[in-house]
Amino acid sequence: MKKYSFDELFAGATVGEPILDAVVTAIRQTHTLQSDDIAILLDVRKRDLGSAVLLLTGMTLETLIHTWRIRQARDLLAAGQLSEREIAYRCGWTSLRGMRRNLARADPTITR
């Protein structure tokens, strides 16, 4: 069975696995970005959803969400069109401090 990379999932086109395509769409469309919320949105048990994502990607659903948040924040910061507070909100953090802390952990060289 093919394992899909993060880059393949978020490249823009669908990957042809309905559950992964639905997860990617949900991640892109919601600001809450919690695995519980995505499972509810897709009307799937969180455990089943997590198992499917792990099987198809080798990543947990939580890791997939976290990686998306970090990359999305990096891209938005690089674009320089939004405030850091707005970026934190759009990427699912409840505070600017939380976003900064997570970005620093992911890459200590990131600054605005």
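Preceding this paragraph is the structure being described.
It should be emphasised that the depicted structure is a prediction, and the values quoted were computed from it without experimental measurement.

Concerning the overall build of the protein chain
Thought 1: Along the backbone of the protein chain there are 7 helices and 0 strands.
Thought 2: Across the protein chain, helices and strands are ordered from the amino to the carboxyl terminus as α-α-α-α-α-α-α.
Thought 3: The C-alpha atoms of the protein chain give 14 Å as radius of gyration, which agrees with the globular expectation for 112 residues (13 Å, within 12%).
Thought 4: Each principal axis of the C-alpha distribution contributes one length, and for the protein chain these read about 40 × 25 × 25 Å.

Description of the environment of Leu-55
Thought 1: Among the structural elements, Leu-55 can be located in helix H4 (residues 46-57).
Thought 2: Of the residues examined, Leu-55 reaches a relative accessible area of 48% and is grouped as partly exposed.
Thought 3: Taking the C-alpha atoms as reference points, Leu-55 and Gln-29, separated by 26 residues in sequence, lie 23 Å from one another.
Thought 4: The contact partners of Leu-55, leaving out residues within four places of it in the chain, are Met-1 and Lys-3.

A short note on the environment of Ser-35
Thought 1: By the element assignment, Ser-35 lies in helix H3 (residues 35-42).
Thought 2: Note on Ser-35: relative accessible area 7%, which makes it buried.
Thought 3: If near-sequence neighbours (up to four positions away) are discounted, Ser-35 is found in contact with Lys-46, Leu-61, Glu-62 and Ile-65.
Thought 4: A distance of 2.9 Å separates a polar atom in the side chain of Ser-35 from a polar atom in the side chain of Glu-62.

A few points about the side chain of Asn-102
Thought 1: Tracing the backbone through its elements, the reader meets Asn-102 in helix H7 (residues 96-106).
Thought 2: On the basis of relative accessibility, which here comes to 14%, the residue Asn-102 falls in the buried class.
Thought 3: Here the side chain of Asn-102 touches Gly-98 through a polar contact of 2.8 Å, landing on its backbone oxygen.
Thought 4: The contact partners of Asn-102, leaving out residues within four places of it in the chain, are His-66, Ile-70 and Trp-93.

About the thresholds
- Residues numbered from 1 in each chain as written.
- Predicted model: local features only at pLDDT ≥ 70, side-chain atom pairs only at ≥ 80, totals over all residues.
- Heavy atoms only, no water.
- Helix = DSSP H or I, 4+ residues; strand = E, 2+ residues; numbered from the N terminus.
- Rg over C-alpha atoms; globule rule 2.2 N^0.38 Å.
- Buried < 20%, exposed > 50% of the residue type's maximum accessible area, 1.4 Å probe, protein only.
- Contact = heavy atoms within 4.5 Å.
- Polar contact = N/O pair within 3.5 Å; in protein donor to acceptor, adjacent residues only side chain to side chain.

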